[in-house]
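What follows is each chain in one-letter form.
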Amino acid sequence: MLAEDYSLTHMTGYVQPRNEWLDDISTGQMQYHDVVTIDLNVDASTGQDGAPVLTARTATDATI
């Protein structure tokens, strides 16, 4: 479901690549307990190959 160039920008500013993030979830290094969407934007004009870009700001309860 996630594009190959997907990344997650953490509140620390660290930009985590898709595969690293998915590995952290599958090994249990990253555990999400609750996520609340604060702001959400979909922009169809800036995506690579015409794909839309989703940008979200969340309040997240997680164990790292």
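The notes below deal with the structure included here. In this text the structure is predicted, and so the values were computed from the model without any measurement. (Residues numbered from 1 in each chain as written. Predicted model: local features only at pLDDT ≥ 70, side-chain atom pairs only at ≥ 80, totals over all residues. Heavy atoms only, no water.)

**Some remarks on the overall build of the protein**
Move 1: A tally of regular secondary structure across the protein gives one helix and four strands.
Move 2: Each principal axis of the C-alpha atoms in the protein carries an extent, and together these give about 35 × 25 × 20 Å.
Move 3: Residues classed as buried in the protein amount to 11% of the 64 residues present.
Move 4: Working note: accessible area of the protein is about 5100 Å², and carbon and sulfur atoms make up 53% of it. (Helix = DSSP H or I, 4+ residues; strand = E, 2+ residues; numbered from the N terminus. Buried < 20%, exposed > 50% of the residue type's maximum accessible area, 1.4 Å probe, protein only. Areas by Shrake-Rupley, 256 points an atom, 1.4 Å probe, with all protein chains shown as cover.)

**As for the packing of aromatic side chains**
Move 1: Taken as a whole and assessed by the stated rule, the structure comprises two aromatic pairs.
Move 2: Here the aromatic rings of Tyr6 and Trp21 are separated by 5.6 Å at their centres, their planes lie at 40°, and the arrangement is tilted. Of the two residues, Tyr6 is situated in the segment before strand E1 (7-9) and Trp21 in helix H1 (residues 18-27); the sequence distance between them amounts to 15 residues.
Move 3: Take Tyr6: its relative accessible area is 24%, and that puts it in the partly exposed class.
Move 4: Classification of Trp21 by relative accessible area gives buried; the value is 14%.
Move 5: Taking 6.3 Å as the distance between ring centres and 75° as the angle between the ring planes, the aromatic pair formed by Trp21 and Tyr32 counts as edge-to-face. Linking Trp21 in helix H1 with Tyr32 in strand E3 (residues 31-43), this pair joins segments that are 11 residues apart in sequence. (Phe/Tyr/Trp six-rings, centres within 6.5 Å; stacked < 30°, edge-to-face > 60°.)

**Here's the deal with a nonpolar patch on the surface**
Move 1: A cluster of nonpolar residues, Met1, Leu2, Leu22, Ile25, Tyr32 and Val35, forms a patch on the protein surface that exposes about 600 Å² of accessible area.
Move 2: Within the secondary structure layout, Val35 lies in strand E3. (Patch = residues over 30% accessible without salt bridge, like charges linked within 9 Å, V, L, I, M, F, W, Y side chains within 5 Å. Salt bridge = Lys/Arg side-chain N within 4 Å of Asp/Glu carboxyl O.)

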